[in-house]
Protein chains: 2
Amino acid sequence: MPSKRSDGLQIIPIGGLGEIGKNSTLIRLGRDGLVVDAGLMFPDEELPGIDLVIPDFGFLAAEGVVHGIALTHGHEDHIGGLPYLLRTVQAPVFGTPLTLGLARRRVEETQGTPAMKAVPVRPRRPVRIGPFEVEFVHVNHSIPQACAIAVRTAAGTVMWTGDFKFDQTPIDGEPTDFSRLAEIGEAGVRVLLMDSTNVERPGYAPSERVVGAALDQIFARAHGRILVTTFASNVHRLAQVFRTAAQHGRKVALAGRSMVDTVTIASELKALTIPRGTLVPLDQIRRLQPRQVAILTSGSQGEPLSALTRMAAGTHRMVTIAAGDTVVFSATPIPGNEAMVGRTINQLYRQGAEVIYGSEVHASGHACQEELKLMLTLIRPTFFVPVHGEYRHLVRNQQLALDVGLPKERTLLAENGHVIEVQGNRIARVGTVEAGNVLVDGLGGVGQVVLRDRKHLAQDGMLIALVTMDRRNGELLGAPDIVSRGFVHMRESGDLLEECRKRVREAMDRCRARGTTEWGAVRSAIKDALGQFLFEKTHRQPMILPLLVEV
Amino acid sequence: MPSKRSDGLQIIPIGGLGEIGKNSTLIRLGRDGLVVDAGLMFPDEELPGIDLVIPDFGFLAAEGVVHGIALTHGHEDHIGGLPYLLRTVQAPVFGTPLTLGLARRRVEETQGTPAMKAVPVRPRRPVRIGPFEVEFVHVNHSIPQACAIAVRTAAGTVMWTGDFKFDQTPIDGEPTDFSRLAEIGEAGVRVLLMDSTNVERPGYAPSERVVGAALDQIFARAHGRILVTTFASNVHRLAQVFRTAAQHGRKVALAGRSMVDTVTIASELKALTIPRGTLVPLDQIRRLQPRQVAILTSGSQGEPLSALTRMAAGTHRMVTIAAGDTVVFSATPIPGNEAMVGRTINQLYRQGAEVIYGSEVHASGHACQEELKLMLTLIRPTFFVPVHGEYRHLVRNQQLALDVGLPKERTLLAENGHVIEVQGNRIARVGTVEAGNVLVDGLGGVGQVVLRDRKHLAQDGMLIALVTMDRRNGELLGAPDIVSRGFVHMRESGDLLEECRKRVREAMDRCRARGTTEWGAVRSAIKDALGQFLFEKTHRQPMILPLLVEV
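Residues numbered from 1 in each chain as written. Chains lettered and ligands numbered in written order. Predicted model: local features only at pLDDT ≥ 70, side-chain atom pairs only at ≥ 80, totals over all residues.

Per an unreviewed UniProt entry, the recorded name for chain A is Ribonuclease J, and the organism is Candidatus Segetimicrobium genomatis. In the Subcellular location (unreviewed entry) part of its UniProt record, chain A is described as follows: "Cytoplasm". Recorded in UniProt under Function (unreviewed entry), the annotation for chain A is "An RNase that has 5'-3' exonuclease and possibly endonuclease activity. Involved in maturation of rRNA and in some organisms also mRNA maturation and/or decay." (UniProt positions renumbered as here; feature names shortened; annotations may be inferred.)

## Section: the sheet that holds strand β17 (residues 354-356) of chain B
Residues and elements named next belong to chain B. In space, the five strands of this open sheet follow the order β14-β15-β13-β16-β17, with parallel pairing throughout. Each edge of the sheet is formed by a strand with only one pairing partner; in this case those strands are β14 (251-255) and β17. Going across the sheet, the axis of each strand differs from the next one's by a mean of 20°, ignoring polarity. In terms of strand pairing, strand β13 (residues 226-229) meets strand β16 (residues 326-329) through four bridges, oriented parallel. Following the sheet pairing, threonine 229 is matched in β16 by phenylalanine 329. Across the sheet, helix α6 (residues 235-247) touches β13, β14 and β15 (293-297), and the angle it forms with β15 is around 175°. (Pairing = 2+ DSSP bridges. Helix = DSSP H or I, 4+ residues; strand = E, 2+ residues; numbered from the N terminus. Axes fitted to C-alpha atoms, helices over the stretch in contact; angles between N-to-C directions. Contact = placed C-beta atoms within 7 Å.)

## Structural notes on helix α4 (residues 178-187) of chain B
Residues and elements named next belong to chain B. Among all positions of α4, only Leu181, Ile184 and Gly185 are buried. All buried residues of α4 lie within an arc of 100° about the axis, which places them on one face of the element. Residues Ser179, Glu186 and Ala187 are exposed on α4 and point more than 90 degrees away from its buried face. Its buried side turned inward, α4 meets β9 (132-138), β10 (147-153), β11 (156-160) and α10 (369-379). The first or second residue beyond α4 is glycine 188, which carries a positive phi of 105°. (Buried ≥ 20, exposed ≤ 12 C-beta atoms within 10 Å, placed from the backbone. Arc of directions from axis to C-beta.)

## Describing the domain arrangement of chain A
A common measure of how large an interface is: the accessible area buried when the components associate. All names here are of chain A. Parsing chain A into structural domains produces domain 1 (9-203 + 364-444), domain 2 (209-361) and domain 3 (448-550). Computed over C-alpha atoms, the centres of domain 1 and domain 3 are 51 Å apart. On the side of domain 3, four residues touch domain 1, which itself brings four residues to the contact. Across the side of domain 1 that touches domain 3, the residue classes break down as three nonpolar, one polar and no charged. (Domains from an automatic or database assignment. Nonpolar A, V, L, I, M, F, W, Y, C, P; charged D, E, K, R; others polar.)

## Digging into the sheet that holds strand β6 (residues 93-95) of chain B
All names here are of chain B. One open sheet holds the eight strands; their spatial order is β7-β6-β5-β3-β2-β1-β19-β20, and the pairing between them is mixed. Of all strands in the sheet, those bounded by a partner on one side alone are β7 (118-120) and β20 (426-432). Put simply, the sheet's adjacent strands are angled 25° from each other on average, direction ignored. Two elements, strand β1 (residues 9-14) and strand β19 (residues 418-423), share three bridges in a ladder whose sense is antiparallel. Bridge pairing links glutamine 10 to glutamate 421 in β19. On the sheet, helix α3 (residues 97-109) packs against β6 and β7 and is oriented at approximately 135° with respect to β6.

Right under this line is the structure:
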């Protein structure tokens, strides 16, 4: 379906796998466009072998002029797709210094990405991007320098909350900028796009400060080494670990590349202050007493190759978990990662560690129901589009908007690629663009055919029937060869495979008897005969690949 | 490692995938044995293509005499492995009538299972099984007629809690038999094996009755059809749905085979009473007004082929979800199923249904921390072995035992296959037996090699290099053929595949130049050359299969 262009104000959510508008959004007025965020997703086991899922930015090439890219904050799901976006759209990138620092690393690490023109911004200081006036507004989130973004257009103001929460006691002393949000709301917001991540949770998200208090208790109690794992990008959390460690006379070492990278970038940009003398190289902790050591490590999601998972398995080069160690999971599993995290915790317990996990050592960075309602009340938008969530989260967020008094017809539930248009007192979907996801495995994209084959291979494996035919008379030379992988154990299945050979020969004989010699038809006959036989015998349906050699 | 047999009292947890002692346990005194429970597990995406995971009962064949099999309750993870156990051990099966009814269905459905000799028991009426006196004690759980089991032996009493909770207001008016548990505890229990499922949850599990109140409110409010999904085996829940529907003037239809089966068996055994005239066939609901209809459907875990998932997708033969429908998820996702359940909920919302899910319409059947402590206090065992949970749950359950005053040396953390021996005032692991898991796909078992190949195929697919060689001189006839699946899209990757052909030819030339003609060596050379080339070009590592035809 082609997109329906018009001179009206249009908004298009892009990418995000099962979530809507999570990774990116296009706003346009006539031919003038602005992209807000450019993230990517890390897929779960539903997409075997896929490393990354990036939004399909391809449609932007034909969609007028993109004057700029504005980034709300520095998390992967908001900046990780930037290298791919820049291949389609060479526009300047706007964001706070830390966000740009993290984005720059992504761009530089990704082969074949054009240089990035970065324009640092400050909250409350609007910048002009093409015909738009864009203002960044400070919000609390699990990374410093996160912002909401207000875009003033000739057709009114469009506002993104970005990922946010209201923290009255943030550890950097900078709460979400209530007064500026209130002023912007008072001046009039035409469309609000709001985070839906935590919409299923009642009440308020706890303050980041409560984690500090919990860490303090743990540090006061522990006699051995303390390992803390969290998202590397949660710089406030890292700051709290450094501070608590220093207070309790412990040095802090870093394990895992993402941890080292983020601490380096955040320190350079003054977004992280480390108490003098607290940071030590990982290879020096063996000279210290266990009660002098804290380790900040990656692996909070139980990722198989992460530092903590390798420590638990006894395969980390420098650190092995031992009785007396205390391991703190200062993060909750991302949906889909629960089992991996659980296995890591089991393994840590088996090694004799004490493990602390659960809600008291983590605070979510996303607004819960009462905070979402507060944002709606502060901004009082004319139209409301919930984003950042699966469809059910959007429905729940829409319900909150109705609860605070917005009429249902002024809200809209979108999907990725929907062209949302605001015209007069009406918000509606007016078309669709191709703005789904590109699956990346290794260096390239993976299509649906390849993915379908992988799922088939994963279910029941495959079986190759290799036949050699005399090209002159179509006669079979020798017995067909059968090779299988991921189906049955070949050495233990001699009879089954022998029977397969027989079925192939019979199928070919039937073809010859009917005068069928064309390989496509013979191939089908072999596939059908083997498929039916194997299903009867094993109730499995391996991928069957007949291969022909003509000599 | 061989098992260390002795004349002492031994306990061996068996099966359960990542959980310990979940599916089954052997207790033995000298040569005399009794098996408690015989369940199976449904695996997650970690085990591609695997349908069932059953305990490896094989070791029992060589382990003395098994006098009987005692089943605590009728859930799949406690009875589903019975057909496989009976192939190894032909012993009578003891349980309450509903448990035996459900077990009998499993046995009859499974090809090649010997007949089952069922011996119905009643709580508080001990039965003799070999040298053991076995008493079943009524407990509350999410299925009727669930029991704890006390086994009196010459070496003392061993007690299994089974899956249980303490419900003071159960809907059948039969709370867990406190007084009998107290009496048994008072008489002395040598070893207690206790459920650890909900050990991470503080407080008490809510009563089943609170779900009835929540359902009543939903039925009072809804104007359209109401669909309720839950575990079919949760017969008390089904009873509450039937009763609430009747009170609100709705008929109930059943969707999904497990739902129909369970209602049939439970009704026959008087474990379920359906108000007269309430149950109607599914194909007759179209004659009723939406506000007269309730549907009890399978699919509470978002299973792709379940009735509810098909209704949501619009592919169910008789029911399609429409605006006005209310769908109630009266179950929580089993860990690992969260994403599937979420997708079903999204799809239901997209079809316009109202969806109600979350804690208010479900009550867990497993004891939380305070209930676990209560059980420990009632039984006051000499030794404590936490079971039914992953390792971390066992650790947490052990901690509860220490909290109520048990010395640590009287507790033991086991793994499946560990031979636990109680001797004097000591509990210890004295050996190991092979009591892991058998993976079942279709009709047969799947070994580690097959599973490893499936995972490899799922990650990056495969590539076949087919070479035809002149058997007389080892010369390559024609160009090698390259076939791939699940790796790259073949039609779009002509250059890559052409380059593969070249690499194969070069590898073979190098072999010939070195005088290497043995196929094993040539094969390795082809694999290495292709593997290295493909990783450089794509950063993927497909399974590479060189195939040889000699003519």
